[in-house]
Amino acid sequence: MRTRKPKALSLKDVFETEYARREMERRARDEAVRKQQEQDLANAQALHAAVSSDGDFLHQRGLTADLRRYTVSLDHDHYRVAAYFEGGKASVTLSDKRMSSPGSAAPRKQETVETVEDALKVMAQFLADETR
């Protein structure tokens, strides 16, 4: 019986194995990020559909609804309520436009939530706080 002599490892072989492993890990991370971004965008679109579904309500309150990529905002002359989706969560903020320079709004309240429904609820709470 002949036994085969094991092939000696070389730096090139080990390097190529390591490089391939790292490339697979990078691709998996990139795919996970892409999927999360798709979900964040879908959540923002769903929230925008919910907040803009009743145009008469928005008009009566002096609000305009806007969607910009991952952010849904409700703008009034005096304040902005916005929800920004990232990493599977939404950061909902209430900003005062009266005390800031044009184009910027100073955040007064902020809450982080997990779902579109919770973002909608917090936006409604912040809106109610401003219309007392």
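Look above for the structure.
Our subject in this report is the structure included herewith. (Residues numbered from 1 in each chain as written. Predicted model: local features only at pLDDT ≥ 70, side-chain atom pairs only at ≥ 80, totals over all residues. Heavy atoms only, no water.)

### Focus: the pattern of salt bridges
Moving on, step 1. Scanning the entire structure with this criterion turns up 16 salt bridges.
Moving on, step 2. Residues E23 and R26 are paired through a salt bridge, measuring 2.4 Å at the closest nitrogen-oxygen approach. Of this pair, E23 and R26 both sit in helix α1 (residues 11–51), separated by three residues, roughly a single helical turn.
Moving on, step 3. A salt bridge links D75 to K97, with the shortest nitrogen-to-oxygen separation between them at 2.9 Å. A residue pair is termed long-range when its members are at least 10 positions apart, and D75 in strand β2 (residues 71–75) and K97 in the loop between β4 (89–96) and β5 (106–113) qualify at 22 residues.
Moving on, step 4. The class of K97 is partly exposed, set by a relative accessible area of 24%.
Moving on, step 5. When salt bridges with common partners are traced through the structure, they connect E18, R21, R22 and E25 into a single cluster. (Salt bridge = Lys/Arg side-chain N within 4 Å of Asp/Glu carboxyl O. Helix = DSSP H or I, 4+ residues; strand = E, 2+ residues; numbered from the N terminus. Buried < 20%, exposed > 50% of the residue type's maximum accessible area, 1.4 Å probe, protein only.)

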